[in-house]
Amino acid sequence: MFKAERRFTVKIHDEEIPVRSVCRDYPVRTPEGVEAGSVFAYEYTREGCREDRPVLFAFNGGPGSSSLWLHMGILGPKHVNCDNVETLSGSGDFEIEDNPYSPIDVCDLVILDPVGTGYGLALDRDAAKCAYGFVNDARVLADVIETWIVENNRFGSKKYILGESYGSVRSVAVANYLMGGCVYEGCVSKGISVDGIINLGNIILRESEKGDYTGQERYLEESVHLLPAFAATAWYHGGSRKTSLADTVRWAYDFCADKYVKALYLGNRLPDEERSQIADELSALTGVEKELLIHNDLRISGDWYLRWFKEKHGMTISPYDTRFTGRYAPGLKASDLVGDDEMMSRCMPGFLGAFQEIGREFLGLDFSRKFSVINFNVNETWSYESEYTPFEHLQFLLNRSRKFRILIGNGAFDLVTSIGQVRYTVSHLKYDDGQVVIREYPAGHMPYLGAKGGEDLARDIRAFVRGASMQSDDTSDVLNHIK
């Protein structure tokens, strides 16, 4: 099993920060003791600080994704500059710099590649299944986090978990495993406190009561929860921008809550004159022609909108981040979820190239091990079965400690994990003032792509880790920064 330790200095906000990095495997074994693989960790600690310094544990989602995106986009002390989304070409060009967004100045970082992802090993495909699935994954990652806390004597530190995309589901499962554990088969209660969670590209939904979590069930109609993201997309590509992005998104929220849900509920009982008025406003928000909206019974699905957009505008857009466009070739069906995606394909080569250079030069990753950015074999074998849904797990955490907090940050241009769905989900949680904070950024699924999103997200992460008072929702202030 690999381990490398290095020391270097980075400059963040005009401050020279001495950093100690440890990159290492954490072995994972089956219940029978068979070595299944490893979780690979990138550990960054600021030297010369007290042992009770806050620590942030982080991972991406997939569930077969490595932590490359968070590592190189927002958290690592050094990263790839992605402030200008227009310069992300997919050619592999990248610019490495000291990361102005990294929270290493306020907390230590432990970034994790789960089994079979990134540099995390899967030594035997069958044995590795002991780490795959909602419950198994939580057990493995909680064990790694516990080991790190014990070895580094960090029980006195404030502990935070950051997850992105499926990592948002992973975060509540891991936190519950650390803090409690009895809802997991065969678990030993660890009794390790988690002070807060940061979820980016949140996919936790208010699902049905069944215990088999699939992530697909929604109480809210797709047309409703996606409308704010459709409106943001139309604003971005619409040209005139007579109103600000914040005003446009607020308009969409108000329209949904007041008129749109009522119109969808009434269906063919909606008077013709009122239907026409609803279609006019819906068209103004989304750019979709009024006649099409009436023909579709005022409904717009995500897939339908993507097809309409490319036929209307002659270009494709990424559902992960609708700011990213591509060439529309009629008759050609995209088949690669990553390689053919307008955003993912333009980010991955630069992110990976920068990571490899940083790994060799600063982290001591001088081995020949292959790096799996996203391992779809993990996705294929994943089990979503759980006695409780992620929504229920989050409610458990909020109930367990009134000091527990969660920061949920999503991008306005994200059709995959939409800002509308987040607001709906949060509105059905029970919590005290200050426990749940929503942020919406002028970005997409990865809210740190683009200077403004990165700056705002970094500011919010620092404030959250410091325990600063944060208003439940100041979205308009954030979104108003983009013109």
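Up top is the structure these notes are about.
Residues numbered from 1 in each chain as written. Predicted model: local features only at pLDDT ≥ 70, side-chain atom pairs only at ≥ 80, totals over all residues. Heavy atoms only, no water.

> Describe in detail the overall build of the chain, supporting the description with residues and values.
Of the regular secondary structure elements, the chain holds 14 helices and 13 strands. Here the C-alpha radius of gyration of the chain, 22 Å, is about what a compact globule of 483 residues would show, namely 23 Å. Counting over 483 residues, the chain shows a buried share of 58%. Put simply, of all contacts in the chain between residues at least 6 apart along the chain, 72% involve residues at least 24 apart. Element-wise, carbon and sulfur atoms account for 46% of the exposed surface of the chain, whose accessible area totals about 19,700 Å². (Helix = DSSP H or I, 4+ residues; strand = E, 2+ residues; numbered from the N terminus. Rg over C-alpha atoms; globule rule 2.2 N^0.38 Å. Buried < 20%, exposed > 50% of the residue type's maximum accessible area, 1.4 Å probe, protein only. Contact = heavy atoms within 4.5 Å. Areas by Shrake-Rupley, 256 points an atom, 1.4 Å probe, with all protein chains shown as cover.)

> Give a detailed account of the packing of aromatic side chains, specifying residues and quantitative values.
Enumeration over the complete set of coordinates arrives at 24 aromatic pairs. Ring centres of Tyr119 and Phe355 lie 5.9 Å apart, and the angle between their planes is 40°; on these two criteria the pair is classed as tilted. Pair noted here: Tyr119 is in the loop between strand E7 (108-113) and helix H2 (134-151) and Phe355 is in helix H9 (residues 344-363), with a separation of 236 residues, a long-range link. Judged on exposure class, the residue Tyr119 and its partner Phe355 are both buried. On the numbers, 6.1 Å between centres and 80° between planes, the contact of Tyr166 with Tyr384 is edge-to-face. Note that Tyr166 is positioned in helix H3 (residues 166-179) and Tyr384 in the loop between helix H10 (376-381) and helix H11 (390-400), a separation of 218 residues in sequence. Look at Tyr166 and you get buried, because its relative accessible area is 4%. On the basis of relative accessibility, which here comes to 26%, the residue Tyr384 falls in the partly exposed class. The lysine or arginine in question, Arg170, covers the ring of Phe59, its NZ or CZ lying 5.8 Å from the ring centre. (Phe/Tyr/Trp six-rings, centres within 6.5 Å; stacked < 30°, edge-to-face > 60°. Lys NZ or Arg CZ within 6 Å of the ring centre and 35° of its normal.)

> Let's hear about the environment of Phe255: which residues, and what values?
Relative to the elements of secondary structure, Phe255 occurs in helix H5 (residues 245-266). The exposure class assigned to Phe255 is buried, which follows from its relative accessible area of 2%. Spatially, the C-alpha atom of Phe255 lies 48 Å from that of Ala128, the residues being 127 residues apart in sequence. The contact partners of Phe255, leaving out residues within four places of it in the chain, are Leu227, Tyr260, Ile278, Glu281, Leu282 and Leu285.

> Just give me the short version of the side chain of Arg154, but keep the residues and values in it.
One can find Arg154 in the loop between H2 and strand E8 (159-164). Within polar-contact distance, the side chain of Arg154 engages the backbone oxygen of Glu51 at 2.6 Å. Engagement of the side chain of Arg154 in a polar contact is seen with the side chain of Asp108, the distance being 3.0 Å. Those residues in contact with Arg154, other than ones at most four positions away along the chain, are Glu51, Arg53, Pro54, Val55, Asp108, Trp148, Ile149 and Lys159. (Polar contact = N/O pair within 3.5 Å; in protein donor to acceptor, adjacent residues only side chain to side chain.)

> Outline helix H1 (residues 68-75), supporting the account with residue identities and numerical values.
Burial runs high along H1: 8 of the 8 residues are buried. Turning to H1, its buried residues number three or more, namely Leu68, Trp69, Leu70, His71, Met72, Gly73, Ile74 and Leu75.

> Lay out the packing of H2 against H3 with the relevant residues and their values.
Taken N-terminus to C-terminus, the directions of H2 and H3 make an angle of 65°; their axes are 8 Å apart at the nearest point. For the pair H2 and H3, the sense of crossing is right-handed. Where H2 approaches H3, its residues Phe134, Asp137, Ala138, Arg139, Leu141, Ala142, Ile145 and Glu146 are matched on the opposing element by Tyr166, Val169, Arg170, Ala173, Val174, Tyr177 and Leu178. Among the residues making up the contact of H2 with H3, the classes are represented as 11 nonpolar, no polar and 4 charged. (Axes fitted to C-alpha atoms, helices over the stretch in contact; angles between N-to-C directions. Left-handed = near helix turned anticlockwise from the far one by under 90°. Nonpolar A, V, L, I, M, F, W, Y, C, P; charged D, E, K, R; others polar.)

> Give a detailed account of the pattern of salt bridges, specifying residues and quantitative values.
Any two side chains of opposite charge can pair, on the condition that their charged atoms come close. Here the structure, examined in full by the defined rule, presents 30 salt bridges. Here Asp460 ties to Arg439 by a salt bridge, and the two come within 3.4 Å at their closest N and O atoms. Of this pair, Asp460 sits in helix H13 (residues 451-466) while Arg439 sits in strand E13 (residues 436-441); the two residues are 21 residues apart in sequence, bridging distant segments of the chain. Each member of the pair, Asp460 as well as Arg439, is classed as buried. (Salt bridge = Lys/Arg side-chain N within 4 Å of Asp/Glu carboxyl O.)

> So what's going on with unusual backbone geometry? Residues and values would help.
For residues besides glycine, phi is generally negative; the peptide bonds are generally trans as well. Look at the link from Gly62 to Pro63: it is a cis peptide, with omega at 10°. Here Pro63 shows up in the loop between strand E4 (55-59) and H1. For Ser165, which is not glycine, the phi torsion reads 60° and is therefore positive. Within the secondary structure, Ser165 is located in the loop between E8 and H3.

By themselves these figures say nothing about function.
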